[in-house]
Amino acid sequence: MKKIVLISALVVGSFAVSAQEIKLDKKQLLHDVQVLAADSMEGRLSGSEGNAKAQAYIEKRFKQVGLKPFKGNYKHHFKLEGRGVVVDKATNLIGYIPGKSDKAIVITAHYDHVGVRDGKIFNGTDDNASGVGALLAAASYFKKHKPDHTLIFAALDGEELGLKGANAFLENPPVPLENILLNVNMDMLSVNEKGELYASGVYHYPFLKPLLQEIKPRPEAKLILGHDKPEQGHDDWTNQSDHYQFHKRKIPFVYFGVEDHPHYHKPSDDFVNVNQKFYPDAAALVIDFIRVADQKLEASAANTK
Ligand SMILES: [Zn+2]
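Residues numbered from 1 in each chain as written. Predicted model: local features only at pLDDT ≥ 70, side-chain atom pairs only at ≥ 80, totals over all residues. Heavy atoms only, no water.

**Digging into the nonpolar core**
Now for step 1: Counting 73 residues, the largest nonpolar core has Leu208, Phe256 and Phe289 as its most contacted members.
Now for step 2: Not counting chain neighbours up to four residues away, the residues in contact with Leu208 comprise Leu182, Val202, Pro252, Phe253, Val254, Phe289 and Leu297.
Now for step 3: Within the second largest apolar cluster, 15 residues are counted, among which are Ile94, Ile152, Val175 and Ile251. (Core = buried A, V, L, I, M, F, W, Y, C linked by side-chain atoms within 4.5 Å. Buried < 20%, exposed > 50% of the residue type's maximum accessible area, 1.4 Å probe, protein only. Contact = heavy atoms within 4.5 Å.)

Written out as structure tokens, the structure reads:
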């Protein structure tokens, strides 16, 4: 009898693992986005007071979630020069969850936006308070579900001025570059009428495809692979956000984002446009991908060689 009980317990156990569903705190997720996209953040332009306010909020949330800082500090400063702007003290915010291995997955989302133009605040809700909100949700998830790999969470500055925060991160990485196996970048996750989220990068790194195909479907967000082939011209998103800096250094990436919409880089990119059903499911798809990649990254890379 005992044996039979044990076996059925094992079966139930493994079923529970494979059917695991990502649960996230939707209220917290939306709150994080709403705070970062508030007028008081003044569009979060690199070097501005509003940008510093966003840093303070993200730092507070990193602490609450329980991310570890490298060398005692989440803030990594760098000099930013780009598009006619010099910011002496631009700031990436970096924290991590140690894994069983030194090999790392770097999860990125830029928190800067374009600031105030002609007296109008560009709140950058979708671009990219939404990515930072999802990054914080992912950090909370993996604090409760210990990863195998070290997970590094980087809220990056200076994306809008030429992917500068990602470049600074890689110029002065918190772990040796050769230990970084993957970048998961999020930029614009919350606005899409069709409920479609794209995952881009498989064209360059085919071994990532089976991992993306393992993500459990969500009712409100559909995952589509693409936007990564050179012949697509401007619809090839390979160089359009921070993941490009990783790609340039031959570090595999998956970029998650939605297609451009009427509020993209407009003062109307406000919290009111967030699709509150789609966005939490989009964030959950990304978290599920990180979960799968954490478990199967090396095996998939070895199989596809
Ligand atoms: Zn962006």
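So much for the structure itself; the text now carries on.
**What about the environment of Tyr264?**
Now for step 1: With respect to the secondary-structure elements, Tyr264 resides in the loop between strand E11 (253-257) and helix H8 (278-304).
Now for step 2: The sequence separation of Tyr264 and Asn303 amounts to 39 residues, and the corresponding C-alpha distance is 39 Å. (Helix = DSSP H or I, 4+ residues; strand = E, 2+ residues; numbered from the N terminus.)

**Some remarks on the coordination of the zinc ion**
Now for step 1: Bound to the zinc ion are the protein donor atoms His110 (NE2), Asp127 (OD), Asp187 (OD) and Asp187 (OD), situated 1.9 to 2.6 Å from the metal.
Now for step 2: Relative to the metal, the 4 donor atoms surrounding the zinc ion lie at angles of 53 to 147°, and the coordination shape comes out irregular.
Now for step 3: In primary-sequence terms, the residues that donate to the zinc ion follow H-x16-D-x59-D. Of this pair, His110 sits in strand E4 (residues 104-110) while Asp127 sits in helix H4 (residues 125-144), and the two are 17 residues apart along the sequence.
Now for step 4: Judged by relative accessible area, Asp127 falls into the buried class, the value being 3%. (Donors = N, O, S within 2.8 Å, 3.2 Å for Na, K, Ca; no water. Tetrahedral: all angles 85-135°; square planar, octahedral: opposite > 155°, others 65-115°.)

**Comments concerning the confidence of the model for the protein chain**
Now for step 1: Within the protein chain, residue pLDDT values average 94, and 93% of them lie at 70 or more.
Now for step 2: Taken as a whole, residues 1-19 scores under 50 in pLDDT and shows 1 contact with residues more than four places along the chain or in a different chain. (pLDDT = per-residue confidence, 0-100.)

**Digging into the packing of H4 against H8**
For any two helices packed against each other, the geometry comes down to the angle between their axes and how far apart the axes lie.
Now for step 1: Between H4 and H8, the shortest axis-to-axis distance is 10 Å and the interhelical angle comes to 50°. Taken together, the axes of H4 and H8 are oblique relative to one another. Here H4 runs over H8; the crossing is right-handed. In this structure, H4 contributes Ala129, Ser130, Gly133, Ala134, Ala137, Ala138, Tyr141 and Phe142 to the contact, and H8 contributes Tyr279, Ala283, Ile287, Ile290 and Arg291. (Axes fitted to C-alpha atoms, helices over the stretch in contact; angles between N-to-C directions. Parallel < 35°, antiparallel > 145°, perpendicular 65-115°, else oblique. Left-handed = near helix turned anticlockwise from the far one by under 90°.)

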